[in-house]
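For reference, the chains in residue letters:
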Amino acid sequence: MTGGLLPCPSCGAALPWTAWNAGGASACPSCRRPVEVIAFPALLRGPEESRPGEILLAADQASCFFHPGKAAALACEGCGRFLCSLCDLSLGDEHLCAACLEAGRGVAAGTRPAPGRTLWDGVALSLAVFPLALWFVTFATAPAAVYLGIRHWNDARRSPVPRTRLRNVLAILIGSAQLAGWAAALYTWLT
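Residues numbered from 1 in each chain as written. Predicted model: local features only at pLDDT ≥ 70, side-chain atom pairs only at ≥ 80, totals over all residues. Heavy atoms only, no water.

Visitor: Residues and numbers for the overall build of the protein chain, please.
Guide: Along the backbone of the protein chain there are six helices and six strands. Each helix and strand of the protein chain, ordered N terminal to C terminal, gives the series β-β-α-β-β-β-β-α-α-α-α-α. Looking at the 191 residues of the protein chain, the share that counts as buried comes to 25%. Once local pairs closer than 6 in sequence are excluded, the contacts in the protein chain between residues at least 24 apart make up 31%. For the protein chain, the accessible surface area stands at approximately 12,400 Å², while carbon and sulfur atoms represent 63% of it. (Helix = DSSP H or I, 4+ residues; strand = E, 2+ residues; numbered from the N terminus. Buried < 20%, exposed > 50% of the residue type's maximum accessible area, 1.4 Å probe, protein only. Contact = heavy atoms within 4.5 Å. Areas by Shrake-Rupley, 256 points an atom, 1.4 Å probe, with all protein chains shown as cover.)

What follows is the structure, given as structure tokens:
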């Protein structure tokens, strides 16, 4: 294992790996300020040295989240849970647990919507715009577009696909204009 993984918090110089887990503060080679590095033991051990499912030897040793009797080898990069060598699933340069891999928190996370996710801003805008070709349908779709635009106003922040509130604003404005047109037509017809 080579140094350079952990920088000094004061000067940013690479701390040598011999200073890690030294049992007390050691001096930074650049600025000579005292630095204490307590690193996870698996960080000091290369991947070729690890064995699948090492048995937990000491009570103060970290254990696997899924196998409490096994020693933890690393932390999941998706959720932070400690994993033993059996539970570590490599995906590119990432190490994930099975739950994070199944949930799609890996390399491609956020690049496509989750299955079954409805992008309500698009539905609201479609309800406002597409029925304009058949004007009489807007009597039913305009209130639905306004409702969906207001109801799902905050969904843009939680969407896995980069979204803005522009579609919701357009759906609300177009749907409101259609409702105003229907109200004016109904008022004219009744008077």
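Visitor: Can you explain the packing of aromatic side chains? Please cite residues and give values.
Guide: Enumeration over the complete set of coordinates arrives at one aromatic pair. When the ring of Phe65 is compared with that of Phe66, the centres are 5.0 Å apart and the planes differ by 85 degrees; the resulting orientation is edge-to-face. By relative accessible area, Phe66 is classed as partly exposed at 35%. Arg81 extends its terminal NZ or CZ atom over the ring of Phe65, reaching a point 4.4 Å from the ring centre. (Phe/Tyr/Trp six-rings, centres within 6.5 Å; stacked < 30°, edge-to-face > 60°. Lys NZ or Arg CZ within 6 Å of the ring centre and 35° of its normal.)

Visitor: Hey, could you go over the packing of helix H3 (residues 120–129) against helix H6 (residues 166–190) for me, with residue numbers and the actual values?
Guide: The interhelical angle for the contact between H3 and H6, taken along N-to-C directions, is 30 degrees, at an axis separation of 8 Å. The angle between the axes of H3 and H6 places the two elements in the roughly parallel class. Of the two possible hands of crossing, H3 and H6 adopt the one that is left-handed. Residue-level contacts link Asp121, Gly122, Ala124, Leu125, Ala128 and Val129 of H3 to Arg167, Asn168, Leu170, Ala171, Ile174, Gly175 and Gln178 of H6. In terms of residue class, the contact of H3 with H6 is built from seven nonpolar, four polar and two charged. (Axes fitted to C-alpha atoms, helices over the stretch in contact; angles between N-to-C directions. Parallel < 35°, antiparallel > 145°, perpendicular 65-115°, else oblique. Left-handed = near helix turned anticlockwise from the far one by under 90°. Nonpolar A, V, L, I, M, F, W, Y, C, P; charged D, E, K, R; others polar.)

Visitor: An account of the packing of H3 against helix H4 (residues 138–151) is needed here, citing residue identities and associated values.
Guide: For the pair H3 and H4, interaxial distance at closest approach is 8 Å and the crossing angle is 155 degrees. Judged on the interaxial angle alone, H4 and H3 are roughly antiparallel. For the crossing formed where H3 meets H4, the hand is left-handed. Residues Trp120, Val123, Ala124, Leu127 and Ala128 of H3 form the contact with H4, whose own contacting residues are Thr141, Ala144, Ala145, Leu148 and Gly149. Among the residues forming the contact of H3 with H4, the class breakdown is eight nonpolar, two polar and no charged.

Visitor: Run through the side chain of Thr141, naming residues and quoting values.
Guide: Residue placement: Thr141 occurs in helix H4. With sequence-adjacent residues up to four places away left out, Thr141 is seen in contact with Leu127 and Pro131.

Visitor: Explain empty space enclosed by the protein to me, and be specific about the residues and the numbers.
Guide: Remark: the empty space left among the atoms is shown by a probe the size of a water molecule rolled over them. This model, assessed by the stated rule, comprises one cavity of 30 Å³ or more. In this structure, the largest cavity spans a volume of roughly 40 Å³. Surrounding the largest cavity, Leu15, Pro16, Ala19, Ser26, Ala27, Cys28, Pro29, Val35 and Val37 form its lining. Split into classes, the residues belonging to the lining of the largest cavity amount to eight nonpolar, one polar and no charged. (1 Å grid on protein atoms, 1.4 Å probe; cavity = no way out; pocket = protein on both sides within 12 Å on 5 of 7 lines; lining within 4 Å. Points joined across faces, edges and corners; volume = space filled by probe spheres on them.)

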